[in-house]
Amino acid sequence: MSTQALYRRAVRRETHSPRSALAITIAIVLALVLAWLGTESVLAAIGQQPLLVAPKDIVTAVLTAATAPAPLLVAIGVVAAIVGFILIVLSLAPARQGRRGSIAERTATVVDDRVIAQSLARAASYAGDIEPAQVKVSVGARSARVDVTPTSGRRVDQREIQQAVDAEVASYDFRPALRAKVKLNEQGTVA
């Protein structure tokens, strides 16, 4: 395996979350259902009262399901389809963590989105000559939103802040790449 392939694999592993939490949750639910069915079967075999439903009643209900009212069958089918659809979407959708990766010639770098947000906030703060607490940044999958609250009575040039933030974003070599949008709040703050 080449070094570049190893770096790509390491970056992907650090920037995408595993599906283990979903798989473990489904396994636990299935184990609990099977344990309950096993307990009900043992209770029926020794002649005790069922905890919830006797296995014989479960089998009878399943076999006579075709005689149930049509709206009930449709509702059960819709619920099963929705659960199945959600599980398929969760299994196929990319589970991105709040991190970005960069692969250079001899290094691989992974940076948390919070670090990028702080860096963009600092660039906006310097460009607008405002306090860092007056800048809020949220970083999404492919975009960053920079909300600037100016000091009351002082003009802030949104275009200058946008240029500084764009220059900061352009200096990054992370994948997925970001686009930044600066929004200037109408309400100012008292310094």
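Model, not experiment: these values are computed from the prediction. (Residues numbered from 1 in each chain as written. Predicted model: local features only at pLDDT ≥ 70, side-chain atom pairs only at ≥ 80, totals over all residues. Heavy atoms only, no water.)

Draft legend 1. Fine view of the side chain of Ser119. Relative to the assigned elements, Ser119 resides in helix α5 (residues 113–128). A relative accessible area of 10% means that Ser119 is categorised as buried. Here the side chain of Ser119 touches Glu168 through a polar contact of 2.6 Å, side chain to side chain. In this structure Ser119 touches Glu168 and Tyr172, once residues within four positions along its chain are discounted. (Helix = DSSP H or I, 4+ residues; strand = E, 2+ residues; numbered from the N terminus. Buried < 20%, exposed > 50% of the residue type's maximum accessible area, 1.4 Å probe, protein only. Polar contact = N/O pair within 3.5 Å; in protein donor to acceptor, adjacent residues only side chain to side chain. Contact = heavy atoms within 4.5 Å.)

Draft legend 2. Structural context of the side chain of Arg100. Among the secondary structure elements, Arg100 is positioned in strand β1 (residues 99–103). The class for Arg100 is buried, based on a relative accessible area of 1%. Reaching out from Arg100, the side chain makes a polar contact with the backbone oxygen of Gly140 at a distance of 2.5 Å. Engagement of the side chain of Arg100 in a polar contact is seen with the backbone oxygen of Ala141, the distance being 3.1 Å.

Draft legend 3. Quick peek at the nonpolar core. With 20 residues, the main nonpolar core has Ile116, Leu120, Val146, Ile161 and Val165 as its most contacted residues. Put simply, the parts of the chain that give this core at least two residues each are α5, β4 (143–148), α6 (158–170) and β5 (179–184). Looking at which element gives the most residues to this core, the answer is α5, with five residues. Setting aside chain neighbours within four positions, we find Val165 in contact with Leu120, Ala124, Val146, Ala180 and Val182. (Core = buried A, V, L, I, M, F, W, Y, C linked by side-chain atoms within 4.5 Å.)

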